[in-house]
Amino acid sequence: MKKLEASGLTTEEIIQAYRTILLGRRLDERLWQLTRIGKTSFNISGQGHEVGQVAMAMAFQPEKDYFLPYYRDMSACLVWGMTPKDILLGSLGKEDDPSSHGRQMPNHYGSKEHNIVSHSSTVSTQFPLATGVAYGAQLKKADYVTLTATGEGAANQGEVQEAMNFAGVKKLPMVFVIENNGYAISVGVDEQYANEKMSDRGPAYGFPGIQVNGNDFAETYLAFKKAADNARSGKGPTLIELMVTRLTSHSADDDHSIYRTKEDLAGLREKDGLTLFEKQLIEEGYLSQEELKAIDSDLRKEIDQATEAAERMPDPTADSILDQVYAD
Ligand SMILES: Cc1ncc(C[n+]2csc(CCOP(=O)(O)OP(=O)(O)O)c2C)c(N)n1
Ligand SMILES: [Mg+2]
């Protein structure tokens, strides 16, 4: 059997997944361009996380499930319903930005319409919030599942342990994700944690912990499907450690060639999930090289149009600075 077929997804769904993965990559490249020419202030990039994120998000029901992302989760937010224009409005700090009406930093994704809860720049504070959202589902007997994500460095924050402990005690309907890209800014994993796998922490709190290869679409989708099904059917939380690659510097404000070895940097392209997924799609007969190119060209046009449309939108006015910041 073809490996992708084992996901149980249809050919159309797999091709749609590829479109979203490539959209995430091309849109992020646009955000870097806008940052470098001074049109936006900042970018922090999910390049190398896209395959894992799209496979993860597709295992949920975005029309009712809640997502509390972290700053690299743009591709997952695209699956959850945000559009390229929404992302660009946030990056450009426009009044119509659904994440914060231009009040937050770029890459702090949120959308009330799509059940995406915006997060703080203080890393991992979304974990206890997500536990609260999941506890709400249990108290209200509502049928939604809550997904939250952070990085492997930020997963060592105290509140992450508190959130997972409470979720284990109450058997909450939720899935915790640690996107492990091997670095917390310039700090490698050897200096971050002493346990063998971050996923080992799930059993410490009384629920399963699974490590998955985030460059393997089918493996990732199936692991998240099982975790989401377990959460929805009252079996409690799961921790998934998603092994991914950080292809770029930490953010637009640093240069990883200063702290990564030459060998590490030289090997990055071979660990790029996008290239590996394209190879698999061709080998397993889903798409030809020409079809991949045609999708790319469509997406580039879509992003150009979204950029023009977002740039034309109004900036927030100075007299409205406190609107959207405090509740009435
Ligand atoms: C509480 C807190 N400490 C430090 C920072 C600065 N900071 C922002 S991102 C980051 C590294 C996070 O690394 P990791 O969790 O591995 O996520 P990645 O960026 O690799 O996806 C740090 C230290 C912060 N925002 N909040
Ligand atoms: Mg990291």
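Provided above is the structure to which this section pertains.
Every value quoted in this text rests on a predicted model; they were computed, and no experiment measured them. For every chain, the first residue of the written sequence is number 1, and numbering continues from 1 along that sequence. Chain labels run from A onward and ligand labels from 1 onward, assigned in the order the entries are written. Given that this is a predicted model, residues contribute local features only at a pLDDT of at least 70 and side-chain atom pairs are listed and counted only at 80 or more, while totals for whole chains, interfaces and linings are drawn from all residues. Side-chain metrics in this entry use all non-hydrogen atoms of the structure; hydrogen atoms and water are not considered.

Draft legend 1. Looking closely at the overall build of the chain. Along the chain, the regular secondary structure elements total eleven helices and seven strands. For a compact globule of 328 residues, the expected C-alpha radius of gyration is about 20 Å, and the chain comes in at 19 Å, within 12% of that figure. Counting only C-alpha atoms, the chain reaches 55 × 50 × 40 Å along its principal axes. In the chain, buried positions account for 54% of the 328 residues. When checking whether two residues touch, look at their non-hydrogen atoms; a contact exists if any pair is within 4.5 Å. Counting contacts in the chain only where the partners sit at least 6 residues apart, residues at least 24 apart contribute 73% of the total. For the chain, the accessible surface area stands at approximately 14,600 Å², while carbon and sulfur atoms represent 52% of it. Here the chain holds 34 positive side-chain charges and 49 negative ones, and the gap between their average locations is 2 Å. Under the DSSP-based scheme used, a helix requires at least four consecutive residues in state H or I and a strand at least two consecutive residues in state E, with every element numbered from the N terminus. For a compact globule the rule gives 2.2 Å times the number of residues to the power 0.38, and the radius of gyration it is set against comes from C-alpha atoms. Buried residues are those whose accessible area, probed at 1.4 Å on protein chains only, stays under 20% of the maximum for their type, while exposed residues exceed 50% and partly exposed ones sit between those limits. Method for areas: the Shrake-Rupley scheme with a 1.4 Å probe, in which residue coverage is limited to the protein chains shown. Here Asp and Glu are counted as negative and Lys and Arg as positive; His is not counted, and neither are the chain ends. To locate a charge, the coordinates of NZ of Lys, CZ of Arg, CG of Asp or CD of Glu are taken.

Draft legend 2. Spatial organisation of the nonpolar core. Nine residue types can take part in a nonpolar core, namely buried Ala, Val, Leu, Ile, Met, Phe, Trp, Tyr and Cys, and a core is a set of them joined through side-chain atoms within 4.5 Å. With 62 residues, the main nonpolar core has Y18, F60, L147, F217, F224 and F277 as its most contacted residues. The leading source of residues in this core is helix α1 (residues 11–36), at nine residues. If you look at the next biggest cluster of nonpolar residues, it comprises 18 residues, including F127, M164, A167 and F176.

Draft legend 3. Representation of the pattern of salt bridges. The salt bridge criterion pairs a side-chain nitrogen of Lys or Arg with a carboxyl oxygen of Asp or Glu, the two atoms within 4 Å. Within the structure shown, the criterion is met by 16 salt bridges. E29 serves as the salt-bridge partner of R26, at 3.0 Å between the closest nitrogen and oxygen. Of this pair, R26 and E29 both sit in helix α1, three residues apart, which is roughly one turn of that helix. Here the residues in one salt-bridge network are R25, E50, R269 and D272, joined through shared partners.

Draft legend 4. A look at the side chain of R72. Mapped onto the fold, R72 is located in the loop between β1 (66–68) and α3 (74–79). Of the polar contacts made by the side chain of R72, one reaches the side chain of H250; its length is 3.0 Å. Those residues in contact with R72 that lie beyond four places of it in its chain are I44, S45, G46, H49, Q53, N181, R246 and H250. The definition of a polar contact used here is a pair of N or O atoms within 3.5 Å, where within protein one atom must be able to donate a hydrogen and the other to accept one, and adjacent residues in sequence count solely through side-chain atom pairs.

Draft legend 5. How the structure looks around the coordination of the magnesium ion (ligand 2). Donor atoms: N, O and S within 2.8 Å of the metal, or within 3.2 Å for Na, K and Ca. Because water is excluded, sites can look incomplete. At this site the magnesium ion (ligand 2) is bound by E152 (OE), E152 (OE), N181 (OD1) and Y183 (O), with donor distances of 2.1 to 2.7 Å. Between consecutive donor residues of the magnesium ion (ligand 2), the sequence gaps follow E-x28-N-x1-Y. Of this pair, E152 sits in the loop between β2 (146–151) and α6 (158–170) while Y183 sits in strand β4 (residues 183–184); the two residues are 31 residues apart in sequence, bridging distant segments of the chain. There is no split in this pair, since E152 and Y183 are both buried.

Draft legend 6. How the structure looks around the site of ligand 1. What makes a residue near a molecule or strand is one non-hydrogen atom of that residue sitting within 4 Å of it. Taken together, 16 residues lie around ligand 1, and Y70, Y71, R72, A154 and Y183 are the ones closest in. Between ligand 1 and the protein, one listed contact pairs a nitrogen atom with a backbone N or O atom of S121 at 2.8 Å. Calculation on ligand 1 without its partners gives an accessible area of 580 Å², and the protein chains cover 74% of this total. Charged residues are taken to be Asp, Glu, Lys and Arg, nonpolar residues to be Ala, Val, Leu, Ile, Met, Phe, Trp, Tyr, Cys and Pro, and polar residues to be all remaining types, Gly included. For the shell around ligand 1, the residue count by class is seven nonpolar, seven polar and two charged.

On their own, these measurements won't tell you what the molecule is for.
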